[in-house]
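# Observations on the three-dimensional arrangement
Below, each chain spelled out in residue letters.
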Amino acid sequence: TVWIYFRESFMALSYLYGKKFVATPTPLILQLREELYLHPYAQIVWSQAQNLCAKEDKYNQQSYLQDLFWKSVHMFSENILNRWPFNKIIRQRALQTTMKLIHYHEESTRYLTTGCVPKVLCMLACWVEEPEGDYFKKHLARLQDFVWIGDDGLKFQICGSQIWDTAFSLQVLLAADDDDEIIQSTLIKGYNFLKKSQVTENPPGDHLKMFRHITKGGWNFPDKDQGLPDSDCTAESLECCLMFQTMPQEFIGEKMDVKRLYDAVNLILHFQSKNGGVTAWEPAPGKTWLEWFNPVEFMKDAVVEHEFVECTGSALVAIARFMKQFPEYKREQVKHFIKNGVKYLENLQMSDGSWYGSWGVCFIYGTFFAMRGLVAAGKTYKDCEAIRRAVRFLLETQNEEGGWGESYLSCSKRRYVPLSGRNKTNLVNTGQALISLVLGGQMERDPRPVNRAAKVLINSQLDNGDYPQEEMSGVLSVNLKLHYPMYRNVFTLWALTHYTQALRMLQ
């Protein structure tokens, strides 16, 4: 029921709390305590500390009733569950069950877990259980997937994004339609990587009992090892594989087995909710009232799985292409998926014509994915009011010089906020907006806004072909910003391929 990222994090936290684990003080720990806490460590009243939070982080402000609830839970657990016989009847059994679930998730994700926070917490829980045990040692072996030394010091990433970056990069190269030998070699290598990276089996054992859903046919965010496919990585990877499927075998080598394409479609269909939206990792339980129990001040809508504009848009792109190439496979179910997905996007459009993006900054990002999905489903500027409104939104937010620049503050304020500074442009935003306008048929009506945007992208390219790194474009749960270094090249070059193709159509 609980969102998989929270589930792993709080399983480990609950185990550590239930064990009443406190590390043996070392000089480093004592120094950290002095650095991190406002008051001397020995004087902190931990039962009251949950309300101590920087005002900048209080996005999900707890109400009086929520504070009262969590205080009541604390009193109940400490004064009743922590005493005999309840500590043996309930708490000890709960600790054993929790560690059983933790070990299952660790094994099924090959100790990558869902990201850096649950990774560290689960690793610590394993160490507390058995410092010299195999589970802890296996965790240590996968630390290199998260930590490295950069030019400016130690780096720790939430998780890799190899498959996600590869799928987008391949689509850019395929759209370029260039017969350059280096590009062709890169396409073949990328296709082989996607073929090897697809998850080909479900989680082991009785995975439903262990709170895991089917995974067969999907693609993960980092690599195959993680075993946690998400809908948009699966959709974007499937889109690439379907494009390669139409190419001559002498060019790309052995093609992917059609049954594996069917598996990917089955998984994407599995992710769609009754409202037509597509979730990220697991089907939505529909129990949004559980968000009331969210104890984290800086994250909102993160307790249960939700549907997302971006996931729905990506899924529509892949499923629509699949239906054209394999029109007989689950035909009615696929048609139903597309119809409901379009309806979901149309219903979620904002009053200004944009869509809220949950995984990037923000309304331009969401609009990009929604426009892709609608156009892939057969909608056009002429017959779709949602597309016409989206085009108006993009034209109204374009800078004087021709680019777009959106602030990360849009995510928390839930309204479009431009970057501070007059006429400031972000190249990732500009690339996404340009693609959306081309998809919306703006070149046929009035190409001047698109021409101006293309000029900004062309003039911004560096001498070595790279694009400058600007503001971070990724987002997690509203307030957490993510760095996608590939975006600066993916969306700029992808936009220019759309632009050149549209120019050819006009000639």
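Our subject in this report is the structure included herewith. As the structure is a prediction and not an experimental result, all values here were calculated from the model.

### Points about the overall build of the protein chain
Of regular secondary structure, the protein chain possesses 21 helices and 6 strands. Taking 507 residues into account, the globule formula puts the C-alpha radius of gyration at 23 Å, and the protein chain, at 24 Å, falls close to it. In terms of overall dimensions, the protein chain has a C-alpha envelope of 80 × 50 × 45 Å along the principal axes. Taken across its 507 residues, the protein chain has 50% of its residues classed as buried. By sequence separation, contacts in the protein chain at least 24 residues apart represent 69% of the contacts at least 6 residues apart. A total of about 25,100 Å² of accessible surface is found on the protein chain, and carbon and sulfur atoms cover 56% of it. Side chains of the protein chain give 56 positive and 57 negative charges; the mean places of these two sets differ by 6 Å.

### A look at the packing of helix 18 (residues 427-439) against helix 20 (residues 448-460)
Contact geometry of helix 18 with helix 20 gives a least axis separation of 10 Å together with a crossing angle of 145°. Considering how the two elements wind past one another, helix 18 and helix 20 form a crossing that is left-handed. Across the interface between the two elements, Leu-427, Thr-430, Gly-431, Leu-434, Leu-437 and Val-438 from helix 18 touch Val-450, Ala-453, Ala-454, Val-456, Leu-457 and Ser-460 from helix 20. Considered class by class, the residues forming the contact of helix 18 with helix 20 number 9 nonpolar, 3 polar and no charged.

### Observations concerning helix 14 (residues 331-348)
Because an α-helix completes one turn every 3.6 residues, residues spaced three or four positions apart along the sequence face the same direction. With 18 residues, helix 14 ought to run about 26 Å at 1.5 Å a step, and its terminal C-alpha atoms sit 26 Å apart, in line with that. Buried residues of helix 14: Val-334, Phe-337, Ile-338, Asn-340, Gly-341, Val-342, Tyr-344 and Leu-345, and no others. Where helix 14 is buried, its residues touch helix 12 (258-271), strand 3 (278-279), strand 4 (307-308), helix 13 (309-325) and helix 15 (363-376).

### Considering a nonpolar patch on the surface
Taken together, Leu-28, Leu-32, Leu-36, Tyr-37 and Trp-46 make up a surface patch of nonpolar side chains, about 520 Å² in accessible area. Counting residues per element, the nonpolar patch draws most heavily on helix 2 (residues 27-36), at 3 residues. Along the chain, the position of Trp-46 falls in helix 3 (residues 46-49). For Trp-46, a relative accessible area of 45% gives the class partly exposed.

The rules behind each value
Residues numbered from 1 in each chain as written. Predicted model: local features only at pLDDT ≥ 70, side-chain atom pairs only at ≥ 80, totals over all residues. Heavy atoms only, no water. Helix = DSSP H or I, 4+ residues; strand = E, 2+ residues; numbered from the N terminus. Rg over C-alpha atoms; globule rule 2.2 N^0.38 Å. Buried < 20%, exposed > 50% of the residue type's maximum accessible area, 1.4 Å probe, protein only. Contact = heavy atoms within 4.5 Å. Areas by Shrake-Rupley, 256 points an atom, 1.4 Å probe, with all protein chains shown as cover. Lys, Arg positive; Asp, Glu negative; His and termini not counted. Charge placed at Lys NZ, Arg CZ, Asp CG, Glu CD. Axes fitted to C-alpha atoms, helices over the stretch in contact; angles between N-to-C directions. Left-handed = near helix turned anticlockwise from the far one by under 90°. Nonpolar A, V, L, I, M, F, W, Y, C, P; charged D, E, K, R; others polar. Expected span 1.5 Å × (residues − 1). Patch = residues over 30% accessible without salt bridge, like charges linked within 9 Å, V, L, I, M, F, W, Y side chains within 5 Å. Salt bridge = Lys/Arg side-chain N within 4 Å of Asp/Glu carboxyl O.

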